[in-house]
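A structural walkthrough
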Amino acid sequence: MANSIKNLKNNDVFKYVMVAFVALMMLIPLDLIKKTIDDRKDSMSAVLSDVNSTWGNSQVLSGPSLVYTWKAREKDSKSDESEVTRTHTVYPDVLNYEVEASTRKLHRSIYDVMVYTAEMHVSGSFVLPSNLSALRNASFRFGLNDLRGIEGDAVAIVDGQEYRFDANGKTGIGFNLPIPEDKAVAGATVPFDFKLRLRGSSELSFKPVADLTTVKLSSDCTTPSFCGDFLPFERDVREDGFNASWVVSQINRGEPESTSFGVRMLSPISQYQQTYRTSKYGLLIIMLIFLAALVAEFVTKKEISVVQYLVVGLSLALFYCLLLSFSEFLAFWLSYLLAALMTVTALTAYFRAILKDGSAYILGSFVVVSYLVCYVLMQMKTYALLTGSLILFAGLGIVMYLTRNLNKVKAPTEPESEL
């Protein structure tokens, strides 16, 4: 009898080792699914890049500035005179942006790409420097990250005169701005004012080049992410959009073009990011279901073979493939519900065929709870780790209670010897 008990225990240990090995084998299909998610994400990124290159990339606004050159004669170390060209850039004394950005989604293939169109009103003034000899060759420049985003014509009014912008290289627009001699007075103020309709995607940023830069930005984007060296000193994020304001002076900006700030107009987290986050719980859910099945074996005295554990594990891994496929066409919550419903139905029926009693529905309910907990944890951010740890501790406590008598073996009764 002692040998039989020993063999039984050895068989149980072998069974537990094999079930654990099968659970670890599920890392292979889970890893393949994660690679598939990465491939689909790369495909989406390629589509985003293609749309952005035709609509307009992220825009970074710099300026305006007043640039002029002059020739001067200077002596070198040998006291020889030579003519050199000097360039000087004058930044605004005051610069104001008033921007209203409207977002929209462009559909390409199976993806939606968020882009924006910004109606901009730029105004301010320059204070002329003391060196005015070359102002007849000055140019008015305004920096942009992607000129393809400009819609229509662009006209500026400088000191009461109208000027039309032209392309100035690949990253800016500008025009020649000769200043009459009667107005070329050191310390004189030159006001400017222009409007611009600009298309872009993802991000809109500003460089605070003026002595005092003010930006007032409003948009219908509901998921803004403020970025850069300065956060808005006022913001109001609502369900229908947001308003934000920045005020940056020369005291805290450093060099004129060394800092920037703005907003990323983000779409809600993509289905691939959500699916990838869900797949991180894959092995944990598989191990919990396997553990629940082992407890069911112990309670019902019915055996689930190692091959059947393998089938259950593959079914649980297939859930993430179903979720990925559905999420490309449906909302993530609905995709999660459909994939979970299909998986739970299949596993409950399978457990019923194996165990042939009501414990199969208990196991099916445990699968439901596992997927429900996983979804709740995904929606949480700050308390996800704490909540998950408490749930695992509670689950372990239940398993410890159900398996507390696992090592108790009832001793056989021996017949009394006859005298």
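Everything discussed here concerns the structure shown above.
As the structure is a prediction and not an experimental result, all values here were calculated from the model.

1. Re the overall build of the chain
Scanning the chain for helices and strands turns up nine helices and 17 strands. In the chain, buried positions account for 40% of the 419 residues. Looking at the chain alone, contacts between residues at least 24 apart form 74% of all its contacts between residues at least 6 apart. Within the structure as shown, the chain displays about 23500 Å² of accessible surface, and the carbon and sulfur contribution to it stands at 57%.

2. A closer look at the side chain of Thr117
Inspection of the secondary structure puts Thr117 in strand S4 (residues 111-127). Given the relative accessible area of 7%, Thr117 is considered buried. Filtering out sequence-adjacent residues up to four positions away, Thr117 remains in contact with Trp55, Glu100, Ala101, Ser102, Glu151, Arg197, Leu198 and Arg199.

3. Some points on the packing of helix H2 (residues 27-55) against helix H6 (residues 306-327)
The contact between H2 and H6 brings their axes to 9 Å, and the two run at 5°. Viewed along their axes, H2 and H6 adopt a mutual orientation that is roughly parallel. Counting all contacts with H2, which are made through Pro29, Leu30, Ile33, Thr36, Ile37 and Arg40, the residues of H6 involved are Leu314, Ala317, Tyr320, Cys321 and Leu324.

4. A short note on helix H4 (residues 271-279)
Those residues of H4 lying buried are Gln271, Tyr272, Gln274, Thr275, Thr278 and Ser279. Along the axis of H4, the buried residues cluster in a sector spanning 160°; they form a single face.

5. Some points on helix H5 (residues 282-300)
Compared with an ideal rise of 1.5 Å per residue, which puts 19 residues at 27 Å, H5 spans 27 Å between its outermost C-alpha atoms and is within 8% of the ideal. Among the residues making up H5, those that are buried are Gly282, Ile285, Ile286, Ile289, Phe290, Ala292, Ala293, Leu294, Val295, Ala296, Glu297 and Thr300. Two residues or fewer past H5, Lys301 is found with a positive phi of approximately 60°.

6. Some details on a nonpolar patch on the surface
A cluster of nonpolar side chains, namely Leu212, Phe233 and Val247, defines an oily patch on the protein surface of about 270 Å² accessible area. Structurally, Val247 is set in strand S16 (residues 241-249).

7. Things to note about the pairing of S16
Of all nine residues in S16, seven are buried; the element is thus mostly enclosed. Note: strand S13 (residues 212-219) against S16, eight bridges, orientation antiparallel. Bridge pairing links Thr214 to Val247 in S16. Where strand S15 (residues 234-238) meets S16, five bridges bridge the pair, whose relative direction is antiparallel. Residue Arg235 lies in a different strand from S16, and its bridge partner there is Ala244.

8. Some thoughts on the pairing of strand S17 (residues 261-265)
A regular strand carries its side chains on alternate faces of the sheet. Taken across its five residues, S17 has four buried, putting it largely inside the fold. Bridge count for strand S12 (residues 203-207) against S17 is four bridges, and the pairing is antiparallel. Bridged to Leu204 within S17 is Val263. Pairing of strand S14 (residues 224-228) with S17 involves five bridges; the strand directions are antiparallel. Residue pairing for S17: Cys227 is matched across the bridge by Gly262.

9. Topic: the packing of H5 against H6
In a packed pair of helices, the relevant descriptors are the angle between the two axes and the axis-to-axis distance. As a packed pair, H5 and H6 sit with axes 10 Å apart at the nearest point and diverge in direction by 150°. Helix-helix and strand crossings are classified by hand; for H5 and H6 the assignment is right-handed. Of the residues in H6, those in contact with Gly282, Ile285, Ile286, Ile289, Phe290, Ala293, Leu294 and Glu297 of H5 are Tyr309, Val312, Gly313, Leu316 and Tyr320. Residues belonging to the contact of H5 with H6 are distributed by class as follows: 10 nonpolar, two polar and one charged.

10. Side note on the pattern of salt bridges
For the structure on display, the rule yields 11 salt bridges. Taking the shortest distance from any N to any O, the salt bridge between Asp31 and Lys35 comes out at 3.7 Å. Of this pair, Asp31 and Lys35 both sit in helix H2, separated by four residues, roughly a single helical turn. A relative accessible area of 38% places Asp31 in the partly exposed class. Lys302 is the salt-bridge partner of Asp357, the closest N and O atoms lying 3.4 Å from each other. In this pair, Asp357 sits in the loop between helix H7 (332-355) and helix H8 (359-379) while Lys302 sits in the loop between H5 and H6, placing the two residues 55 residues apart along the sequence.

Rules used throughout
Residues numbered from 1 in each chain as written. Predicted model: local features only at pLDDT ≥ 70, side-chain atom pairs only at ≥ 80, totals over all residues. Heavy atoms only, no water. Helix = DSSP H or I, 4+ residues; strand = E, 2+ residues; numbered from the N terminus. Buried < 20%, exposed > 50% of the residue type's maximum accessible area, 1.4 Å probe, protein only. Contact = heavy atoms within 4.5 Å. Areas by Shrake-Rupley, 256 points an atom, 1.4 Å probe, with all protein chains shown as cover. Axes fitted to C-alpha atoms, helices over the stretch in contact; angles between N-to-C directions. Parallel < 35°, antiparallel > 145°, perpendicular 65-115°, else oblique. Arc of directions from axis to C-beta. Expected span 1.5 Å × (residues − 1). Patch = residues over 30% accessible without salt bridge, like charges linked within 9 Å, V, L, I, M, F, W, Y side chains within 5 Å. Salt bridge = Lys/Arg side-chain N within 4 Å of Asp/Glu carboxyl O. Pairing = 2+ DSSP bridges. Left-handed = near helix turned anticlockwise from the far one by under 90°. Nonpolar A, V, L, I, M, F, W, Y, C, P; charged D, E, K, R; others polar.

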